Amino acid sequence: MNRGIYSTVSGMLATQKLMDVMANNLANVSTTGFKRDGITFTDALEQEMRSGGNGQVLGTLGTGTTEGKEFTIFDVGPTQITGRPLDMMINEPQGMFAVQTPQGVRYTRDGSFVLDNQRQLVTTDGFPVLDSRQQPITIPEGQVSINETGDISVAGSTVGTVGIYNGSFLKEGGNLYSSPNGAPLAGATMKPEALEGSNVNPIDSMIQMIQVGRSFDLSQKTIQQQDDLTQRLIQSLSTR
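Conventions and cut-offs
- Residues numbered from 1 in each chain as written.
- Predicted model: local features only at pLDDT ≥ 70, side-chain atom pairs only at ≥ 80, totals over all residues.
- Heavy atoms only, no water.
- Phe/Tyr/Trp six-rings, centres within 6.5 Å; stacked < 30°, edge-to-face > 60°.
- Helix = DSSP H or I, 4+ residues; strand = E, 2+ residues; numbered from the N terminus.
- Buried < 20%, exposed > 50% of the residue type's maximum accessible area, 1.4 Å probe, protein only.
- Core = buried A, V, L, I, M, F, W, Y, C linked by side-chain atoms within 4.5 Å.
- Contact = heavy atoms within 4.5 Å.
- Pairing = 2+ DSSP bridges.
- Axes fitted to C-alpha atoms, helices over the stretch in contact; angles between N-to-C directions.
- 1 Å grid on protein atoms, 1.4 Å probe; cavity = no way out; pocket = protein on both sides within 12 Å on 5 of 7 lines; lining within 4 Å.
- Points joined across faces, edges and corners; volume = space filled by probe spheres on them.
- Nonpolar A, V, L, I, M, F, W, Y, C, P; charged D, E, K, R; others polar.
- Salt bridge = Lys/Arg side-chain N within 4 Å of Asp/Glu carboxyl O.

Peer 1: Looking at this model, I keep getting lost on the packing of aromatic side chains. Mind explaining?
Peer 2: The relative placement of two aromatic rings is captured by the distance of their centres and the angle of their planes. In the structure shown here, the tally under the stated rule is five aromatic pairs. Consider the rings of F74 and Y177, whose centres lie 6.1 Å apart with planes at 45 degrees: the pair is tilted. Here Y177 lies in strand 16 (residues 176-178) and F74 lies in the loop between strand 4 (65-72) and strand 5 (79-81), a separation of 103 residues in the sequence. Where F97 meets F113, the ring centres are 5.2 Å apart and the plane angle is 80 degrees; that geometry is what we call edge-to-face. Note that F97 is positioned in strand 7 (residues 96-101) and F113 in strand 9 (residues 113-115), a separation of 16 residues in sequence. The two residues F97 and F113 agree in class, both being buried. Members of the aromatic cluster, joined through ring pairs, are F74, Y107, Y165, F169 and Y177.

Peer 1: What is the right way to read the nonpolar core from this model?
Peer 2: What tends to happen in soluble globular proteins is that the nonpolar side chains get buried as a cluster. If you look at the biggest cluster of nonpolar residues, it comprises 20 residues, and the most contacted ones within it are M88, F97, L121, I139, V144, I152 and V162. At the level of elements, strand 6 (88-90), strand 7, strand 11 (144-146) and strand 12 (151-154) are the ones that each hand at least two residues to this core. For I152, the residues in contact, after removing those within four places along its chain, are L121, I137, I139, V144, S145, I146, S157, T158, V159, G160 and V162. By size, the runner-up hydrophobic cluster in this structure holds seven residues, among which are Y107, L130, Y165 and F169.

Peer 1: Help me understand the sheet that holds strand 12, please; the structure alone is not making it clear to me.
Peer 2: Strand-to-strand pairing in sheets goes through backbone hydrogen bonds, with the strands running parallel or antiparallel. The strand order 11-12-13 describes an open sheet built from three strands, whose pairing is antiparallel. The outermost strands of the open sheet, each flanked by one partner alone, are strand 11 and strand 13 (157-161). For this sheet, the mean angle separating the axes of adjacent strands, direction not counted, is 30 degrees. In this structure, strand 12 lies alongside strand 13, joined through four bridges in antiparallel fashion. If you follow D151 over to strand 13, its bridge partner there is T161.

Peer 1: Is there a simple way to explain the pairing of strand 15 (residues 170-173) in this structure?
Peer 2: The two faces of the sheet receive side chains in turn, since in a regular strand these alternate between them. The pairing of strand 15 with strand 16 spans three bridges and is classified as antiparallel. In the strand pairing of strand 16, K171 is matched with Y177. Linking strand 15 back to strand 16 in an antiparallel pair, the connection comprises two residues, with G174 at a positive phi of about 65 degrees.

Peer 1: Can you help me understand unusual backbone geometry in this one?
Peer 2: Positive phi, close to 60 degrees, is recorded for R119, a residue that is not glycine. Position of R119 among the secondary structure elements: in the loop between strand 9 and strand 10 (121-123). The phi torsion at E193 lies on the positive side, around 55 degrees, for a residue other than glycine. By the secondary structure assignment, E193 is in the loop between strand 18 (190-192) and strand 19 (194-196).

Peer 1: I keep staring at the layout of surface pockets and nothing clicks. Help me out?
Peer 2: Here the largest pocket is characterised by a volume of approximately 210 Å³. Along the walls of the largest pocket sit 15 residues, with M22, N25, R36, D37 and Q208 positioned nearest its centre. Secondary-structure elements contributing two or more residues to the lining of the largest pocket are helix 1 (3-27), strand 1 (37-43) and helix 2 (202-238). A per-class count over the lining of the largest pocket returns six nonpolar, six polar and three charged.

Peer 1: Looking at this structure, how should I read the pattern of salt bridges?
Peer 2: Pairing between side chains of opposite charge can happen when their charged atoms approach one another. Considering all chains together, one arrives at nine salt bridges under this definition. Between D87 and R84 there is a salt bridge, with the nearest N and O atoms lying 2.8 Å from each other. Residue R84 is classed as partly exposed on the basis of its relative accessible area of 44%. Residue D131 is joined to R133 by a salt bridge in which the shortest nitrogen-to-oxygen separation is 3.8 Å. A cluster of three or more residues bridged by salt bridges with shared partners is formed by K35, R109 and E196.

Everything listed here is a matter of coordinates, which is why it stays silent on function.
Written out as structure tokens, the structure is:
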């Protein structure tokens, strides 16, 4: 086995995975409340080098890179003032809105809500928004206003409160998260008539993608060089 080629290929696979994560981030640069992802990498295997058999340890030799785990960065995205009375933005990085889906309770940072035919508060996908007791919110006819603590008022009377939950959130796709321990978050505040933009910085992401692309190209050239050197070695031995 050519250790150099093996190590370089493992690095290329890691680079491709990193490129996929960054491409998904860029694809969601305009997604309301989207949180960008990152990924960690570790050495695939470290071999201990000794001076003969069981002699003195000289150091370690890496054999490439392997994917660690993906993680989500929950920094608050930019504020987008909409002026729509049912739009809401959570002010801090902790907390999410709870919604009822066919798969159970899920969570989101996308606060672009509307009313359905039964005047229930729902997401743009039609999932009911839940209060702090995980109950749907129905809003009667009238002028609607929402304050910073999520209280919904109609004609001066409070008719419901939008719940904000905290927990260990895991992305599921569709701008939704699951959590095994979601619970109401005390003291959380929101900005009415506003939405949270994606926390992806498109310029930084494009620069990183260019750098990663160059690294991938360099790895390809390195493999070609190592292959050429191997062929020259074989040719030199065959002529002896």
